[in-house]
Amino acid sequence: MLTEDDGAEEAFRWSLSLISRILTRVINEGSTIVMKAINANSGKMLKKAVGCSARGKRALWMLNVQVGTHSISPLMWAIETGSLDAAKAIIVDLLTIRADRERYYYGVDALFNAHEDIVTVLVEQAKTLVPTLFDGLVWRSRHSADGFRRVNYYVKHVLVNSQGGLAGALQSLTSSKDQTLVSHPVICLVSESLWSGVVKRSFIMAKVGFVLSLIAFMLSQSILPKLDIETNRSLRIAILCGRIVNYLFSMTRMIVFHARRSAKAYRENHTFKILGLPVPAYLGGFFLFLNFMLMVLLIAMCIQEPMFWCIGTSGDDWPTGNCAAAQATDRGYTICSMIAMFIHWLLLIDMAVFSNKLSAFVLVVRYVLSEVGRFAFAMCFLLLTFGSGATCLRHDKDEFRNVPTAAGSFLSITVGLYEGDFREYFDTPYLLITIFIFTLVAAVLLINLLIAQLNCSYDFVYADMVGFARLTRCTLIVETLHTCSAVRFARFVSTLKLDHRVEFDSGDVGLSGAIQVKEPASQIPVTKDQIARYGGICSGDMQWPVDASLDEEDRFEKIEKLMESTFAKLAKLDKKVAGGGGSEHADTKLSLSNDRGDSKLSSSKSADVSVSG
C-alpha cells in the first residue's frame, strides 16, 4: 500500500468513483446516434440519424448536443477529429433548402449563428470542405427566361458578422493564399460587391496623389526642360516648383511611411537577413520595395539638385541649373532621374487591380519573365562562344577583332541592327560560315523556341493567374476595409437589403439574406429543382419523409458486397487450381460457387421486389 492513512485512501476511492460517474454520464448523455455516426465517419449513417429528428429541430441535432451543463457541437467535433465524410454530410444537410406547404427550412442562419467563424475553421482544418460550404449558399432556378436564370447567393453571413462589421471569411481566405477558393462564385460576388460599393472609391482617392506626383515629375524632368528654358524664366520657375512639389510631398510622405513601417518591423522582429544585415520583412513585397527605391532616388536627386547648387552663383538668372557648381552633380542627377521615372511608371502597374483580366495579364508577364531570363542566359552563352571563336581566326575585320566587339556584332545580327553586307566576308569564308551557323542557332532556333515557350507558358498559367488576380484584389479589399468607418460600411450593407426576403421563381417569395443575380442559362445547366418540397402535414414536430435515395444506396451496397464475396471465392479457387488441386475438382467447386452466387443474387432481387411492393 502507498499509504496507511484511511482518510487519504477513502478520498482517493471517492475521487475515482466521482470520475467514473462523470464519464458514465458523459457517455450516456453524449452518445447520440448523430455522434455515433460521426465516430464511424459515415455520411450515410448520419443521414439516417438526422432523419429521425423533427423538421424544426433537425439543425439543432447537428449543431448542439447537451451534456450536463456543457454543450458539444457535432459539426465541430467531426471537423476536429478528422471525420470529414460526416462533416461534409452535416454541411450538405444543413444547407439543403426544404419546404412544406407553409414555410421554408434552411440551416444557414443556424449554422452561422452557432459557428460564426465556420469559414475560418474550415480553411485552417478542413480546406476540402470550403467549396461544399459555398456550394450550399447558392440556389439556381431550373427555369430560364430570355436565356437567363435566377441565382440566389445567400452571402449575408459571409459578408457581415453579428456586430455589423466585415465578416472574417474574406480575410481567412486571403490569408490562406489559395487562388482556387477565392475564385468560387460566392467569393467572387462578395468581393465584387465590396469593391464596387466601398473599396473602389477609397482606392482611387489613395492613388490620385501618386498620379499627380507622377505628372509633376514628368513635367519637371522630361517635358519642360526640353523647351526653350534659357530665355524663358517662367519655364524655369515652373520646373523649380514641380521639383519642390516632388521633394516636399512625395519624398517626405515616403520617408514617413517607410520610417514607421521599418520601426514597427524592427520592434516586432519582422525582418530577414541579407548579407547578415536585418532588413524589414515588408520590403519583400515587389511594389513596396520599388517604393523604397524611389524614396532613395528622390533623396539622392534632392541632394544633387542643380538648381539648389546654383543658388547665389548665377545672379539674376536663377532659377537655373547651368552653373559651374552644378556641373559635378549633373551626371548623377540625370541618371537618378531616369531610374526614378522608370520606377514611377512601374508603380503605376499596381492600378491594374481595377480589372481582373488586366491584373492577370500583369501576373502572367511577371511569371513568363523567367522564360525570358533563360533565353537571355542561353543567348549570352552563344555570344561568348561564337565571339571568342571568331577572334581566333586571322582576318582584318574590325567588327570581330576582339571578344567584346565580336559579341556585340553577333548581338546586332540577332536583333537585326547589323548594317554590314555578308558579301564583304567572301574573302574570309571561315568567318562567314561562323556567322551563318550563329544566325541559324540564335536567330532561327533560339528565338523561335522562346516564342513557343512563352505561348505554352501563357496558356498553362493564365487560369491560375486569374485566381491570383482575384486574390490580389481580395487582399486589397481587406486592407482597405480595415480603415473604412463603421458608418460607411453600414450604409453600404443597407443598400444590399439583406434583411428582405428574395424570390425564388416568380411569385415564390423565399428567404432573406441573399443577393439575386441573373446568369446565362447555358453557363451551368440545372434540370432539377434544388429545393426539396414535401406535401402533407406542415407541423414542425413532424419528421421529413424518408429519403428514397438511401434505400437505393442500401440495395447497391448489398449487390456490391455480394460481388466482392463472389470474386473473393473465385480468387481462392484460382489459387487452389494453380497449386495443382485437380481440374475436375476445380470445375466442380467453380460450378458450386457460381450456383451459390446466382441463388444469393436471385434471393436479393426477390427481397428487393417484395420491399418495393
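Residues numbered from 1 in each chain as written. Predicted model: local features only at pLDDT ≥ 70, side-chain atom pairs only at ≥ 80, totals over all residues. Heavy atoms only, no water.

Thoughts on the overall build of the protein
- Counting its regular elements, the protein contains 22 helices and 12 strands.
- Looking at the protein alone, contacts between residues at least 24 apart form 68% of all its contacts between residues at least 6 apart.
- By element, 61% of the accessible surface of the protein is carried by carbon and sulfur atoms, the whole surface being about 35,700 Å². (Helix = DSSP H or I, 4+ residues; strand = E, 2+ residues; numbered from the N terminus. Contact = heavy atoms within 4.5 Å. Areas by Shrake-Rupley, 256 points an atom, 1.4 Å probe, with all protein chains shown as cover.)

Observations concerning the state of the cysteines
- Applying the stated rule across the entire model yields one disulfide.
- Put simply, Cys310 and Cys323 are joined by a disulfide, and their sulfur atoms are 1.9 Å apart. With the S-S dihedral at roughly -90°, the linkage between Cys310 and Cys323 falls on the left-handed side. Linking Cys310 in the loop between helix 15 (306-309) and helix 16 (324-347) with Cys323 in the loop between helix 15 and helix 16, this pair joins segments that are 13 residues apart in sequence. (Disulfide = S-S within 2.5 Å.)

Here's the deal with the sheet that holds strand 3 (residues 98-99)
- The mixed open sheet is built from three strands, whose spatial order is 4-3-12. The open sheet has two edge strands, strand 4 (104-105) and strand 12 (532-533), and neither has a second partner.
- Bridge count between strand 3 and strand 12: two bridges; the pairing is parallel. If you follow Ala99 over to strand 12, its bridge partner there is Arg533. (Pairing = 2+ DSSP bridges.)

So, the packing of aromatic side chains
- Applying the stated rule across the entire model yields 13 aromatic pairs.
- An angle of 55° between the planes, with centres 6.1 Å apart, marks the rings of Tyr247 and Phe308 as tilted. With Tyr247 in helix 13 (residues 233-267) and Phe308 in helix 15, this residue pair connects regions lying 61 residues apart in the sequence.
- The rings of Phe386, Phe400, Phe410 and Phe438 are connected pair by pair, giving a single aromatic cluster. (Phe/Tyr/Trp six-rings, centres within 6.5 Å; stacked < 30°, edge-to-face > 60°.)

Things to note about the nonpolar core
- Among the nonpolar cores identified, the biggest contains 80 residues, and Leu46 and Ile118 are the most heavily contacted of them.
- Among the elements that make up this core, the one with the highest residue count is helix 12 (residues 185-223) (nine residues).
- In this view, Leu46 contacts Val34, Ala37, Ile38, Met62, Ala86, Ala89 and Ile90; residues no more than four positions away in its chain are not counted.
- If you look at the next biggest cluster of nonpolar residues, it comprises 19 residues, including Ala406, Phe410, Leu431 and Ala442. (Core = buried A, V, L, I, M, F, W, Y, C linked by side-chain atoms within 4.5 Å. Buried < 20%, exposed > 50% of the residue type's maximum accessible area, 1.4 Å probe, protein only.)

Looking at the sheet that holds strand 11 (residues 515-520)
- Across the sheet, three strands lie side by side as 5-6-11; this open sheet has antiparallel pairing. Every interior strand has two partners, whereas the edge strands, strand 5 (138-145) and strand 11, have only one. Taking each pair of neighbouring strands and ignoring which way they run, the sheet shows an average axis angle of 25°.
- Where strand 5 meets strand 6 (residues 148-153), five bridges bridge the pair, whose relative direction is antiparallel. Bridge assignment links Val138 to a residue of strand 6, and that residue is Tyr153. (Axes fitted to C-alpha atoms, helices over the stretch in contact; angles between N-to-C directions.)

Considerations on a positive patch on the surface
- Together, Lys569, Lys572, Lys575 and Lys576 give the surface a local cluster of positive charge.
- Examined against the element boundaries, Lys575 turns out to sit in helix 21 (residues 548-578).
- For Lys575, a relative accessible area of 64% puts it in the exposed group. (Patch = residues over 30% accessible without salt bridge, like charges linked within 9 Å, V, L, I, M, F, W, Y side chains within 5 Å. Salt bridge = Lys/Arg side-chain N within 4 Å of Asp/Glu carboxyl O. Lys, Arg positive; Asp, Glu negative; His and termini not counted. Charge placed at Lys NZ, Arg CZ, Asp CG, Glu CD.)

Looking at a negative patch on the surface
- Together, Asp396, Asp398, Glu399 and Glu424 line one region of the surface with negative charge.
- Relative to the helices and strands, Asp396 resides in the loop between helix 17 (356-390) and helix 18 (403-415).
- The exposed category is assigned to Asp396, whose relative accessible area is 58%.

Regarding helix 3 (residues 43-50)
- Buried within helix 3 we find Gly43, Lys44, Leu46, Ala49 and Val50.
- If you check the start of helix 3, you find a side-chain oxygen 3.2 Å away from the backbone N of Met45, and it comes from Ser42. (Polar contact = N/O pair within 3.5 Å; in protein donor to acceptor, adjacent residues only side chain to side chain.)

Quick notes on the packing of helix 17 against helix 18
- It is the contact of helix 17 with helix 18, at a shortest axis distance of 8 Å, that shows an interaxial angle of 125°. Accordingly, the angle class assigned to the pair helix 17 and helix 18 is oblique. The handedness of the crossing between helix 17 and helix 18 is right-handed. For the pair formed by helix 17 and helix 18, the contact residues are Met379, Leu383, Phe386, Gly387, Ser388 and Ala390 on the first element and Val403, Ala406, Ala407, Phe410, Leu411 and Thr414 on the second.
- Grouping the amino acids of the contact of helix 17 with helix 18 by side-chain chemistry returns nine nonpolar, three polar and no charged. (Parallel < 35°, antiparallel > 145°, perpendicular 65-115°, else oblique. Left-handed = near helix turned anticlockwise from the far one by under 90°. Nonpolar A, V, L, I, M, F, W, Y, C, P; charged D, E, K, R; others polar.)

Things to note about unusual backbone geometry
- Non-glycine residue Lys177 carries a positive phi angle of around 60°.
- Structurally, the position occupied by Lys177 is in the loop between helix 11 (169-176) and helix 12.
- Residue classification places Lys177 among the exposed positions, given a relative accessible area of 53%.
- Positive phi is not limited to glycine here, since Leu275 has a value of about 55°.

Section: the layout of surface pockets
- Of the voids in this model, the largest pocket is the one considered here, and its volume is about 1,900 Å³.
- Per-element accounting of the lining of the largest pocket gives the leading share, nine residues, to helix 19 (residues 429-481).
- Class assignment for the residues of the lining of the largest pocket results in 20 nonpolar, 16 polar and seven charged. (1 Å grid on protein atoms, 1.4 Å probe; cavity = no way out; pocket = protein on both sides within 12 Å on 5 of 7 lines; lining within 4 Å. Points joined across faces, edges and corners; volume = space filled by probe spheres on them.)

Considering helix 8 (residues 118-125)
- All of the buried residues along helix 8 are Ile118, Val119, Val121, Leu122 and Val123.
- Of the surrounding elements, those touching the buried residues of helix 8 are helix 5 (74-80), helix 6 (84-94), helix 7 (108-114), helix 9 (130-135) and helix 11.

So, the environment of Val155
- One can find Val155 in the loop between strand 6 and helix 10 (156-159).
- Along the chain, Val155 and Val186 lie 31 residues apart, while their C-alpha atoms are 7.2 Å from each other.
- Residue contacts for Val155: discarding those within four places in its chain leaves Val186, Val190, Gly513 and Ile515.

Quick word on the side chain of Arg243
- Structurally, the position occupied by Arg243 is in helix 13.
- Note on Arg243: relative accessible area 9%, which makes it buried.
- Polar side-chain contacts of Arg243 include one of 3.2 Å to the backbone oxygen of Ser220.
- Apart from the residues lying within four places of it in its own chain, the contact partners of Arg243 are Ser220, Gln221, Pro225, Glu305, Pro306, Met307 and Tyr333.

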